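Observations on chain architecture
Residue strings, one per chain:
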Amino acid sequence: MKVRVQNHWPPGHIRTPAYLRGKTGEIEREIGLFNNPEQNAYRLPPQQQRLVRVRFTMAEIWGDAAETPDDVIEAEIYAHWLEPA
Amino acid sequence: MGGDPAGGINHDQHDFALWEKRVDALMVLASSAGLMNTDSLRRVLEDMGEEAYETMSYYERWIASVSQNMVESGAFSTAELADKMAQIKARGTTYGDAT
Amino acid sequence: MPHDHHDHDHGALSPSGHPYRKDDDIVLSYWQMMEISVRELLIEKGHITAAQIHNQINTMDARSPANGAKVVARAWSDPEFKSALLTDAGQASRDMGFDIGPMHLIAVENTILVHNVVVCTLCSCYPRNLLGLPPDWYKSRAYRSRTVIEPRKVLSEFGVEIAQDVQVRVHDSTADMRYLVLPAQPKETMGLSADELAYWVTRDSMIGVGLPQAPK
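Since the structure is predicted, the reported quantities are computational estimates derived from the model, not experimental observations. (Residues numbered from 1 in each chain as written. Chains lettered and ligands numbered in written order. Predicted model: local features only at pLDDT ≥ 70, side-chain atom pairs only at ≥ 80, totals over all residues. Heavy atoms only, no water.)

**Points about the overall build of chain C**
Rules: Every helix listed is a DSSP run of H or I at least four residues long, and every strand listed is a run of E at least two residues long, numbered separately from the N terminus. Under the scheme applied here, a residue whose accessible area is under 20% of the maximum for its type counts as buried, over 50% as exposed, and between as partly exposed, the area being computed with a 1.4 Å probe on protein chains only. Where accessible areas are quoted, they stem from the Shrake-Rupley method and a 1.4 Å probe; at the residue level, only the protein chains shown are allowed to cover.
Of the regular secondary structure elements, chain C holds ten helices and four strands. Starting at the N terminus and walking to the C terminus, you meet the elements of chain C as α-α-α-α-α-β-β-α-α-α-β-β-α-α. Considering chain C as a whole, with its 216 residues, one finds that 51% of them fall into the buried category. Just so you have it, chain C exposes about 10,200 Å², and 54% of that area is on carbon and sulfur atoms.

Here is the structure:
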């Protein structure tokens, strides 16, 4: 299933890498529920969030600068950062 | 960070010093004791900024982060830390003397 | 007349083959003072004990790439275990008797079509509870920023050339999972026992920046 990483830029502790924001990928697998690091980092009671592995092509992330367009990056993204693409 | 320009990768490695292993152990144990967690360790590291990354070693940054985390969670106060550090300094000039 | 060397001052190597870090003999640094202070305060306040610190250091010291090598060697020699490893690498490691604590581990398999490499762009996440502490280069800015944009160039600097018809998959450990690369078994090792196979599995091959190598 295709998903897009939200193009948000909040300050503070975020585990969604900058280079992936706004990019579209495919869900590779669901990982399960984990504590939201954005709350955990400040020692607030964390809510559990769905964690998803998403696969992105290098072409999608780097465009013409991609070393090999069909190579991929796989990263774990928290579901609240994803929207349907 | 990912994708930022960078130069060659230095392949030198080092054995960890005892004080560095202790820092690592303190992080793990303080987390198990509920006084901090991996995310709060990282958040403090990130908030220390670029200069810390340039001027401090990996475990120097970690002990700075663990220490701040301990103050935030109330394990000890900055005043207690200052007093203790003064005591340590008075013990001697080398790590071996002061431990 | 025999000359008495204080080897730790003269650049001799430690048992693991790496230079000693100057430690007990050098002038106490601010951060070392902080480490001693934090440790003693936490003990005085009853949050941790000296024994726990000692045990935790021993636990970490016992963790090394040799553990990962055993896991890989078993996967090469036991198809059922390999399947279990690819399904849930954490559980498979525990079933082999390794105490990996609460670590969540995913094994990613190298094949004739795919080469995997692991990085943590955000910090330095590494499957330490199985492999021990990561090498300095893994934590460097250069590795962390370049591996996601030019993995093949980085691999080539490590001495690994990936053919154009093989896909490179870069795993960025952004969250709770840690990654172990299951390298492809070299043809020349077919028929070796799991014990013999383990000697072929290098730390770098389990990160993805190396390939299994004949033991020296």
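Don't stop here, the text continues.
**Let's talk about the interface of chain C and chain A**
Note the following rule: Note on contacts: a residue pair qualifies if any of its non-hydrogen atoms lie within 4.5 Å across the two residues. Joining two parts hides part of their accessible area as seen by a 1.4 Å probe, and the buried area is that hidden amount summed over both. Within this document, salt bridges are pairs made up of a side-chain nitrogen of Lys or Arg and a carboxyl oxygen of Asp or Glu, the two lying within 4 Å of each other. Counted as a polar contact is a pair of N or O atoms within 3.5 Å, where, for protein atoms, one must be capable of donating a hydrogen and the other of accepting one, and residues adjacent in sequence contribute only when both atoms are in side chains. Pairing between strands is defined by DSSP: at least two bridges between the two strands are required.
Each partner contributes residues to the interface: chain C has 27 residues there, and chain A has 22 residues. In this assembly, chain C packs against chain A so that about 2,100 Å² is buried in total across both faces, 49% of it on carbon and sulfur atoms. Contact with chain A buries area across many residues of chain C, yet Val148, Ile149 and Thr174 of chain C alone supply 24% of it, more than any other trio. Linking chain C with chain A are one salt bridge. As a salt-bridge pair, aspartate 71 of chain A and arginine 152 of chain C come within 2.8 Å of each other at their nearest N and O atoms. Counting across the interface, chain C meets chain A through 21 residue pairs in polar contact (both at pLDDT 80 or more). Tallying contributions element by element places strand E3 (residues 167-172) of chain C first for the side of chain C that touches chain A, with six residues. With four bridges connecting them, strand E4 (residues 72-78) of chain A and E3 of chain C associate as parallel partners. Residue pairing in the sheet places isoleucine 73 of chain A in a bridge with valine 170 of chain C of E3 of chain C.

**With respect to the state of the cysteines**
All names here are of chain C. Selection rule: Cysteine sulfurs are considered disulfide-paired once they come within 2.5 Å of each other.
With the rule as written, the count across this model stands at zero disulfides over all chains. Considering cysteine sulfurs only, cysteine 125 is the nearest to cysteine 120, which forms no disulfide, with 3.3 Å between them. Exposure remark for cysteine 120: the relative accessible area of 0% places this residue in the buried category. Take cysteine 123: it sits in no disulfide, and the sulfur closest to it among the cysteines is that of cysteine 125, at 3.4 Å. A residue is classified by how much of its surface remains accessible, and cysteine 123, at 18% relative accessible area, is buried.

**Digging into the interface of chain B and chain C**
Counting residues at the interface gives 59 residues for chain B, matched by 59 residues for chain C. With both sides pooled, the region where chain B packs onto chain C buries about 5,500 Å², and carbon together with sulfur makes up 64% of that total. When the buried surface of chain B facing chain C is broken down by residue, Met1, Ile9 and Gln13 of chain B rank first, second and third, together holding 13% of it. Taken together, the links from chain B to chain C amount to eight salt bridges. Close ionic contact of glutamate 44 of chain C with lysine 84 of chain B constitutes a salt bridge, the shortest N to O distance being 2.5 Å.

**Observations concerning the packing of aromatic side chains**
One pair of aromatic rings is described through two measures. These are the centre distance and the angle between the planes. Residue and element names in this part refer to chain B. Definition in use: Centres within 6.5 Å make a pair out of two Phe, Tyr or Trp rings, where for Trp the six-membered ring is used; the pair is then stacked when the planes are under 30 degrees apart, edge-to-face when over 60, and tilted otherwise.
Throughout the structure, instances matching the rule amount to twelve aromatic pairs over all chains. When the centroid spacing of 5.4 Å and the interplanar angle of 70 degrees are considered together, the rings of tyrosine 59 and tryptophan 62 count as edge-to-face. Taken as a pair, tyrosine 59 and tryptophan 62 lie in helix H4 (residues 58-72) at a separation of three residues, close to a single helical turn. Tryptophan 62 matches tyrosine 59 in its accessibility class, with the two residues each being buried.

**Focus on the pairing of strand E4 (residues 177-182) of chain C**
All names here are of chain C. Most of E4 sits inside the fold, with six of its six residues counted as buried. Direction of pairing for strand E1 (residues 104-109) relative to E4: parallel, over a ladder of six bridges. Each residue of the ladder has a partner; that of histidine 104, found in E4, is methionine 177.

**Considerations on the sheet that holds strand E2 (residues 114-119) of chain C**
Going by this rule: A fitted line through C-alpha atoms serves as each axis, taken over the contacting stretch for helices, and the angle formed by two N-to-C directions is quoted from 0 to 180°.
With mixed pairing, seven strands are arranged side by side in an open sheet as E5(A)-E1(A)-E2(A)-E3(A)-E4(A)-E3(C)-E2(C). Across the chains shown, the open sheet's two edge strands, defined by having one partner strand only, are strand E5 (82-84) of chain A together with E2 of chain C. Going across the sheet, the axis of each strand differs from the next one's by a mean of 35 degrees, ignoring polarity.

**Some remarks on the side chain of glutamate 60 of chain B**
Considering the arrangement of structural elements, one finds glutamate 60 of chain B in helix H4. On the basis of relative accessibility, which here comes to 17%, the residue glutamate 60 of chain B falls in the buried class. Within the structure, the side chain of glutamate 60 of chain B is placed 2.9 Å from the backbone nitrogen of serine 57 of chain B, a separation counted as a polar contact. Each residue touching glutamate 60 of chain B, except ones within four places of it in the same chain, is listed here: Trp19 and Thr55 of chain B together with Trp31 of chain C.

**Digging into the packing of helix H1 (residues 18-32) of chain B against helix H2 (residues 50-62) of chain C**
The following threshold applies: Should an angle fall under 35 degrees it is taken as roughly parallel, and over 145 as roughly antiparallel, whereas 65 to 115 is taken as roughly perpendicular and any remaining angle as oblique.
Relative to each other, H1 of chain B and H2 of chain C sit at 105 degrees, their axes nearing to 9 Å. Considering their axes alone, H1 of chain B and H2 of chain C lie roughly perpendicular with respect to each other. Packed against H1 of chain B, whose contacting residues are Leu18, Lys21, Arg22, Asp24, Ala25, Leu26, Val28 and Leu29 of chain B, the element H2 of chain C presents Gln52, Ile53, Gln56, Ile57, Met60 and Asp61 of chain C at the interface.

**Side note on unusual backbone geometry**
At arginine 43 of chain A, a residue that is not glycine, the phi angle is positive and equals roughly 55 degrees. Its location among the elements puts arginine 43 of chain A in the loop between helix H1 (37-40) and strand E3 (48-57).

**Some points on the pattern of salt bridges**
Note on pairing: side chains with opposite charge can pair once their charged atoms come close. In the structure shown here, the tally under the stated rule is 26 salt bridges over all chains. For the salt bridge of arginine 74 of chain C with aspartate 78 of chain C, the shortest nitrogen-to-oxygen distance reads 3.6 Å. Under the relative-accessibility criterion, arginine 74 of chain C is labelled partly exposed at 32%. Through salt bridges with shared partners, a single network forms among Glu28, Arg29, Arg53, Arg55 and Glu74 of chain A.

**Some words on the nonpolar core**
For clarity, the cut-off: Residues belong to one nonpolar core when they are buried, are Ala, Val, Leu, Ile, Met, Phe, Trp, Tyr or Cys, and are joined through side-chain atoms within 4.5 Å.
Counting residues in hydrophobic clusters, the biggest one holds 75 residues, and the most contacted among them are Trp62 of chain A together with Leu85, Leu130 and Tyr143 of chain C. With six residues, the top contributor of residues to this core is helix H3 (residues 65-77) of chain C. When sequence neighbours within four positions are dropped, the list of residues in contact with tyrosine 143 of chain C reads Ile9 of chain B together with Val117, Val118, Val119, Trp137, Tyr138, Val154, Phe158, Ile207 and Val209 of chain C. Formed by 39 residues, the second largest nonpolar core is a distinct cluster that contains Met27 of chain B together with Leu28, Met33 and Ile57 of chain C.

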